[in-house]
Amino acid sequence: PVSSCAPPQTRTRHPRAHPFHRAPHPQAESYWLYNVPWAINRMLNYLDKRYDRPEIWILENGISEKKEAERKGAAALVDPLRTKYFRGYIDEVCK
């Protein structure tokens, strides 16, 4: 009977409790956003197996950089975090 079922466990976790927050991945300006290229490869492999090789379009993908708005002139063009981000994600998508 339903009355004998235990209530679902509920627990609140701080958003930074996720394992990615303890891993050495570069962090974006957003506290929850990290540069983890292998994750897109894992997701694409999952979708490939789960849905029998569907056509997938990646329409948006990017990262915010800390203190980006403060950079002026030539310094605004130096963007190593974003360059590493896109290289990593493109490499993982192409695997």
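Structure: see above.
Note that the structure is a prediction, hence the values are computed from the model and not measured.

A.B. asks: Let's hear about the overall build of the chain: which residues, and what values?
C.D. replies: Within the chain, the secondary structure is distributed over two helices and zero strands. Burial statistics for the chain: of 95 residues in total, 23% are counted as buried. When contacts within the chain are restricted to residue pairs at least 6 apart in sequence, long-range pairs at least 24 apart make up 49% of them. Accessible surface, the chain as shown: approximately 8100 Å² in total, 57% of it carbon and sulfur.

A.B. asks: Talk me through a nonpolar patch on the surface; I want residue IDs and the actual numbers.
C.D. replies: Together, Met43, Tyr46 and Tyr51 make up an exposed nonpolar region whose accessible area comes to about 340 Å². For Tyr51, the location among the structural elements is in the loop between helix H1 (38-50) and helix H2 (80-94). Note on Tyr51: relative accessible area 47%, which makes it partly exposed.

A.B. asks: Go over the side chain of Glu92 with me, naming the residues and quoting the values.
C.D. replies: Within the secondary structure layout, Glu92 lies in helix H2. Looking at Glu92, its side chain comes within polar contact range of the side chain of Lys95, at 2.9 Å. In contact with Glu92, other than residues within four places in its own chain, are Pro37, Trp38, Ile40 and Asn41.

A.B. asks: Outline the pattern of salt bridges, listing residues and values.
C.D. replies: Enumeration according to the criterion identifies six salt bridges in this entry. Residue Arg82 pairs with Glu68 through a salt bridge whose shortest N-O separation is 2.8 Å. Note that Arg82 is positioned in helix H2 and Glu68 in the loop between H1 and H2, a separation of 14 residues in sequence. We classify Glu68 as partly exposed; its relative accessible area is 30%. For Asp79, the salt bridge goes to Arg82, with nearest N and O atoms at 2.7 Å.

Criteria and thresholds
- Residues numbered from 1 in each chain as written.
- Predicted model: local features only at pLDDT ≥ 70, side-chain atom pairs only at ≥ 80, totals over all residues.
- Heavy atoms only, no water.
- Helix = DSSP H or I, 4+ residues; strand = E, 2+ residues; numbered from the N terminus.
- Buried < 20%, exposed > 50% of the residue type's maximum accessible area, 1.4 Å probe, protein only.
- Contact = heavy atoms within 4.5 Å.
- Areas by Shrake-Rupley, 256 points an atom, 1.4 Å probe, with all protein chains shown as cover.
- Patch = residues over 30% accessible without salt bridge, like charges linked within 9 Å, V, L, I, M, F, W, Y side chains within 5 Å.
- Salt bridge = Lys/Arg side-chain N within 4 Å of Asp/Glu carboxyl O.
- Polar contact = N/O pair within 3.5 Å; in protein donor to acceptor, adjacent residues only side chain to side chain.

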